[in-house]
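Each chain, written out:
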Amino acid sequence: MKLIHCADLHLDSSMTSNLSREKAKERKSEMLLTFNRMIQYAKDEGVVAILIAGDLFDKKKVSKTALNTVWQAINENSQIAFYYLQGNHGVGGLLDSVDSLPANLKLFNDTWTNYVIEDETGRSVTISGIELNESNSLQAYDSLVLDVDSFNIVMLHGQEAGHVSKDKAEIINIRGLRNKGIDYLALGHVHSYKEETLDSRGVYCYSGCLEGRGFDECGEHGFVLLDIDSVTHSCNRTFVPIAKRNLYTLDIDVSDCNTTMEAVERIEKVLAHGTYPESSLMKFVLTGEVSIESEIDTAYLIKQFENRCYFLKIYDETKLYVDYDAFALDISLKGEFVRMVMNDSELGEEEKADIIRCGIQILTGEED
């Protein structure tokens, strides 16, 4: 019996934090297309159920395009059951847009709800879930009762923790779920894939999101394919990458680079050690210690490398090195400026370095 575990799709997300309006619109469409690719994968592989462990949409007000895409996928694939547990972003108007729910859409509420799927041998897989809130989060673990003879999947949405936290519904008490007869704990809320041992019987897993949206969601994204043998209680678990685009953050040490072209060479060396498709979204973080007289033009670097990826941003987090002794006896205007800043007791060392850098750029005729 094959099932898919996915979560945190955040369909209809605005995507405007990094991208232009045009690319943000394109990424919104790509996220819907990735959702449809997952459905097609399920059809091709004979998947009987898709578990959505929260945050199907990004907000409560959702575009008609996003709603119609989801409803069409559910209605046109009656052979697949969709188990949807709401997350902290809610259903996004999904239920408000129809008068009645299709039979293959299974929902949960604030008490434990159990669904049973039987295979051709009559053996069962049980899917249990509860939507945690401030009222039920403390009692939910004690009230979970499972049939140990069934293959048990439990769905929850929240951040894992070693214990329950009062009034924090988004916290999942992993310890409180041990030795309950859980074979697979399908979680949502964390946007990267992670699987860990729950107890001697089961595992818990965050499937991550289908598409990364920001640079806090770097790396591969996709869903988990479960292939369950309900007789032996064995389960093969496979992470399936499906994202249209991945995001990467590269730390690039440009210490001792005095020119923009030297920085270009340093970036090229870093890129040569990895594989970054042109479809990627990239962030370069320049690090290290550089001289205040060095010139590293980030605007030029963006133009140099932006054709190598879908989107590029560069952060300059270098620290400035000031050789104060070199200016101690300099009789030029530049030397006098540096000594004046150095002798200002109200400025910190980083402030002095920044002011000196800006001043030298102005004195040498560069744009600040």
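A short tour of the structure in this document, coming up. (Residues numbered from 1 in each chain as written. Predicted model: local features only at pLDDT ≥ 70, side-chain atom pairs only at ≥ 80, totals over all residues. Heavy atoms only, no water.)

Moving on, we get to the overall build of the chain. Scanning the chain from terminus to terminus reveals seven helices and 19 strands. Relative to the 2.2 N^0.38 estimate, which gives 21 Å for 368 residues, the radius of gyration of the chain is 27 Å and therefore markedly larger than a compact globule would have. A principal-axis box enclosing the C-alpha atoms of the chain has dimensions of 90 × 40 × 40 Å. Out of the 368 residues in the chain, the part that is buried amounts to 49%. Considering only residue pairs separated by 6 or more positions, the chain has 66% of its internal contacts joining residues 24 or more positions apart. Approximately 18300 Å² of the chain is accessible, and the part contributed by carbon and sulfur atoms is 46%. Computed over 36 positive and 61 negative side-chain charges, the inter-centroid distance for the chain is 5 Å. (Helix = DSSP H or I, 4+ residues; strand = E, 2+ residues; numbered from the N terminus. Rg over C-alpha atoms; globule rule 2.2 N^0.38 Å. Buried < 20%, exposed > 50% of the residue type's maximum accessible area, 1.4 Å probe, protein only. Contact = heavy atoms within 4.5 Å. Areas by Shrake-Rupley, 256 points an atom, 1.4 Å probe, with all protein chains shown as cover. Lys, Arg positive; Asp, Glu negative; His and termini not counted. Charge placed at Lys NZ, Arg CZ, Asp CG, Glu CD.)

This paragraph deals with the sheet that holds strand E15 (residues 247-253). Read from one edge to the other, the open sheet built from three strands follows the order E15-E16-E18, with strand pairing classed as parallel. The sheet is open, and its two edges are formed by E15 and strand E18 (311-316), each paired on a single side. Averaged over neighbouring strand pairs, the angle between their axes works out to 15 degrees when direction is ignored. Here strand E16 (residues 281-287) pairs with E18 via six bridges, running parallel. Among the inter-strand pairings, leucine 281 is bridged to a residue of E18, identified as phenylalanine 311. Along the sheet, helix H3 (residues 260-271) contacts E15 and E16; its crossing angle with E15, the most-contacted strand, is approximately 130 degrees. (Pairing = 2+ DSSP bridges. Axes fitted to C-alpha atoms, helices over the stretch in contact; angles between N-to-C directions.)

As enumerated under the stated definition, the model contains seven aromatic pairs in all. Pairing tyrosine 41 with phenylalanine 223 gives two aromatic rings, centres 5.2 Å apart and planes at 65 degrees, and the pair type is edge-to-face. Residue tyrosine 41 is located in helix H1 (residues 21-45), and its partner phenylalanine 223 is located in strand E13 (residues 222-229); the two are separated by 182 residues in the primary sequence. By relative accessible area, which is 23% here, tyrosine 41 ends up partly exposed. (Phe/Tyr/Trp six-rings, centres within 6.5 Å; stacked < 30°, edge-to-face > 60°.)

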